[in-house]
Amino acid sequence: MSMRNDVAEILYSEEQIAAIVQNIGRRISEDYKDKNLFMISVLKGSLIFMADLMRAIDVPCAIDFLSVSSYGSGTSTSGAVRILKDLDSSMEGKDLLVVEDILDSGMTLSFLMKNLSARKPNSIRLCTLLDKPERRKVEIYPDYVGAVVPDKFIVGYGLDYAEKYRNLPYIGVLKPEIYSV
């Protein structure tokens, strides 16, 4: 059985995602034209978005990756955030752009933004492909948002359920019977 059969509806097609990414890339290019852009991908979910976004940006940029744990294999955050893979270099004096796939409760990103701010960057901003404000538990406001999505379980284009569905080329809503088993 194809994993595509597990998707109830497609929210954003490949073409729609590409247009969103190009739009964000143009805005970031303009905002960072005279800055020391350092993009930080929050693994694993933002990997695909980060790869496409950096190609949509036409100013010099460096990249690095962070890996954090807050979900486990469930469908909601545990609230406890652990850094599993930290950055490889100093953030001091850099203009950081944290790139995330989805801003949900905000707990993980709030922790990360505070942690990164303590590393003395010139600036720090947040870019999220998807924003799910209905689920927010802490006050955090992204600087760049691709789209606002409903409070449904979303997969594809890097977003997963139990490490599956990341490789779907579109963003869709997972059928409830898949994650409520």
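Q: Explanation requested: the pattern of salt bridges in the structure shown.
A: Between side chains of opposite charge, pairing is possible as soon as their charged atoms come close. Evaluation of the coordinates by the stated rule reveals 14 salt bridges. A salt bridge links glutamate 9 to lysine 152; its shortest N-O distance comes to 3.1 Å. One end of the pair, glutamate 9, is in strand 1 (residues 7–12); the other, lysine 152, is in the loop between strand 7 (144–148) and strand 8 (154–155), with 143 residues separating them in the sequence. For glutamate 9, a relative accessible area of 33% translates into the label partly exposed. Between lysine 33 and glutamate 30 there is a salt bridge, with the nearest N and O atoms lying 2.7 Å from each other.

Q: Please clarify how the sheet that holds strand 8 should be interpreted in this entry.
A: Two orientations exist for strands paired in a sheet by backbone hydrogen bonds: parallel and antiparallel. Taken in spatial order, the 3 strands make up an open sheet running 1-9-8, and their pairing is antiparallel. Strands with a single pairing partner mark the edges of an open sheet, and in this sheet they are strand 1 and strand 8. Across the sheet, helix 1 (residues 14–31) touches strand 1 and strand 9 (171–174), and the angle it forms with strand 1 is around 35 degrees.

Q: For this particular structure, what's the right way to read the environment of serine 70?
A: With respect to the helices, strands and loops of the structure, serine 70 is situated in the loop between strand 3 (62–69) and strand 4 (82–85). Counting along the chain gives 11 residues from serine 70 to valine 81, while the straight-line C-alpha distance between them is 4.9 Å.

Q: Looking at this model, I keep getting lost on the packing of aromatic side chains. Mind explaining?
A: Centre-to-centre distance and the angle between the planes together describe a pair of aromatic rings. A full pass over the atoms with the stated rule returns 3 aromatic pairs. For the pair phenylalanine 153 and tyrosine 161, a centre-to-centre distance of 5.6 Å together with 90 degrees between the ring planes defines the contact as edge-to-face. This pair shows no difference in class: phenylalanine 153 is buried, exactly as tyrosine 161 is. Among the aromatic side chains, those forming a connected cluster through ring pairs are Phe153, Tyr161 and Tyr179.

Q: Is there a simple way to explain the pairing of strand 2 (residues 37–43) in this structure?
A: Every other side chain in a regular strand lies on the same face of the sheet, so the side chains alternate between the two faces. For strand 2, the tally of buried residues reaches 6 of 7 residues, placing the bulk of the element in the interior. Pairing of strand 2 with strand 5 (residues 95–103) involves 5 bridges; the strand directions are parallel. Note on strand 5: the bridge partner recorded for isoleucine 40 is valine 98. Direction of pairing for strand 2 relative to strand 3: parallel, over a ladder of 6 bridges. Paired with isoleucine 40 across the two strands is aspartate 64, which belongs to strand 3. Handedness of the crossover joining strand 2 and strand 3 through helix 2 (residues 47–55) is recorded here as right-handed.

Quick notes on the rules
Residues numbered from 1 in each chain as written. Predicted model: local features only at pLDDT ≥ 70, side-chain atom pairs only at ≥ 80, totals over all residues. Heavy atoms only, no water. Salt bridge = Lys/Arg side-chain N within 4 Å of Asp/Glu carboxyl O. Helix = DSSP H or I, 4+ residues; strand = E, 2+ residues; numbered from the N terminus. Buried < 20%, exposed > 50% of the residue type's maximum accessible area, 1.4 Å probe, protein only. Pairing = 2+ DSSP bridges. Contact = heavy atoms within 4.5 Å. Axes fitted to C-alpha atoms, helices over the stretch in contact; angles between N-to-C directions. Phe/Tyr/Trp six-rings, centres within 6.5 Å; stacked < 30°, edge-to-face > 60°. Right-handed = clockwise from strand over helix to strand, strands pointing away.

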